[in-house]
Amino acid sequence: MIGTIRERDFRGVDLNLLVTLLVLLRERSVSKAAACLHLGQPAVSGALARLRELFHDELLVRGKGGMQPTQRGLELQAALAPALVELQAVVSDAPAFDPARSDRSFVIGMPDWIDTWLLPGLVARLAAEAPQARIAVVATDRFRIADMLLQEQLDLAIGAFPAGPAWQRSRPLATVPYCCVARPGVIGKKGTLTLKQFAALPHLMVTYRGAFHGTVDDALDALGLKRRIVCTSPRFSSLPRVLQQVPAIATVPQVLAPGWQRDFGLVRAAVPLKLPPSPVAIVHHASRDKDPALRWLCGLVEAVVADADLA
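Since we're looking at a predicted model, the values are computed, not measured.

A. Quick peek at the sheet that holds strand β8 (residues 202–206). As summarised here, the arrangement of the five strands in space is β9-β8-β10-β7-β11, forming an open sheet in which the pairing is mixed. Edge positions in the sheet fall to β9 (228–233) and β11 (267–269), since each has one partner strand and no second. With direction set aside, neighbouring strand axes in the sheet form an average angle of 35 degrees. Of the strand pairs in this sheet, β8 and strand β10 (residues 249–253) are connected by two bridges, and their pairing is parallel. Bridge assignment links Leu-204 to a residue of β10, and that residue is Ala-250.

Below is the structure:
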């Protein structure tokens, strides 16, 4: 391996310069990067100038809301982050993670239905196994997850996310089906709902981009049917109280139904359509592969899901 290294390739490359590049790409601001690195702004500006010369690219350019990375900058960010983490693991003698003694804060991205389903069990296990550690939950969705991981806004995320870039790691957790929920009288007493009734009823829908068309509509289109959506929301948590007030239905992840039946008096029925279930997974950046604390946290999440009710 060592014989393949060409020494001249590294002439003029300072490892600290690459660290500065990653911080600049993450913060997208010279002043913020300088504060993170405990350096003066002139030093960071000078480092950026050297980096631009080294890579023959602007790397960061001014745009709306501050500096924005160029395509080359994004490519370097994705490639260098895991490489530097690997190098750090080689040159440092970091102790193994001890959850019982750790006071680490973890930032976890979750859509609100995952929050409702898993957070109580996760916090309970955290309190038992790592009483000094903390969790900060940040809202995310399928459209923002890759950028949030790339910008190091999250340690990991839990949800039904699409396949991402090569650096996005995914650990399957569960497959969650859907069901219909409504107030009593809207769905039959025996919890049955025909396709004709389903299409005729007004619907509530959760969408992260304000659209009035989703997976359910795709399935109805295939049958030559339409539904009427009377309200959309970016949060599942807003639906139960609306459903208490109006004779409408909502198609939601089945794990939400038991709590909504208990707390809001709603009833549920099977969806009279073939809908693909939601494949829930843990996702994180490849640069965190060697982080023992994150591996422990992933195991904790897996244990919570194993104990959770999918019915």
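Still to come is the rest of the account.
B. Geometry of the packing of aromatic side chains. Summed over all chains, the structure comprises three aromatic pairs. For the ring pair Phe-97 and Trp-296, a centre distance of 5.3 Å and an interplane angle of 50 degrees mean the geometry is tilted. Residue Phe-97 is found in the loop between α4 (71–91) and β3 (105–110), and its partner Trp-296 is found in helix α11 (residues 292–307); the two are separated by 199 residues along the sequence. By the ring-pair criterion, three or more aromatic residues cluster together here, those being Phe-97, Phe-106 and Trp-296. Directly above the aromatic system of Phe-143 lies the positively charged group of Arg-142, at a separation of 6.0 Å from the ring centroid.

C. The arrangement of unusual backbone geometry in detail. Of note in the backbone geometry, Arg-28 takes a positive phi value of approximately 55 degrees without being a glycine. Mapping Arg-28 onto the fold places it in the loop between α1 (15–27) and α2 (30–37). Backbone geometry at Glu-152 places phi at a positive 60 degrees, although glycine is not the residue there. In this structure, Glu-152 sits in the loop between α6 (145–150) and β5 (156–159). By relative accessible area, which is 38% here, Glu-152 ends up partly exposed.

D. Looking closely at the packing of helix α5 (residues 112–129) against α11. Put simply, α5 and α11 touch, their axes get as near as 9 Å, and they point 125 degrees apart. One finds that α5 runs oblique with respect to α11. As α5 runs across α11, the sense of the crossing is right-handed. Across the interface between the two elements, Trp-117, Leu-118, Gly-121, Leu-122, Arg-125, Leu-126 and Glu-129 from α5 touch Trp-296, Leu-300, Val-301, Ala-303, Val-304, Val-305 and Asp-307 from α11. When grouped by side-chain class, the residues that make up the contact of α5 with α11 number 10 nonpolar, one polar and three charged.

Rules behind the numbers
- Residues numbered from 1 in each chain as written.
- Predicted model: local features only at pLDDT ≥ 70, side-chain atom pairs only at ≥ 80, totals over all residues.
- Heavy atoms only, no water.
- Pairing = 2+ DSSP bridges.
- Helix = DSSP H or I, 4+ residues; strand = E, 2+ residues; numbered from the N terminus.
- Axes fitted to C-alpha atoms, helices over the stretch in contact; angles between N-to-C directions.
- Phe/Tyr/Trp six-rings, centres within 6.5 Å; stacked < 30°, edge-to-face > 60°.
- Lys NZ or Arg CZ within 6 Å of the ring centre and 35° of its normal.
- Buried < 20%, exposed > 50% of the residue type's maximum accessible area, 1.4 Å probe, protein only.
- Parallel < 35°, antiparallel > 145°, perpendicular 65-115°, else oblique.
- Left-handed = near helix turned anticlockwise from the far one by under 90°.
- Contact = heavy atoms within 4.5 Å.
- Nonpolar A, V, L, I, M, F, W, Y, C, P; charged D, E, K, R; others polar.

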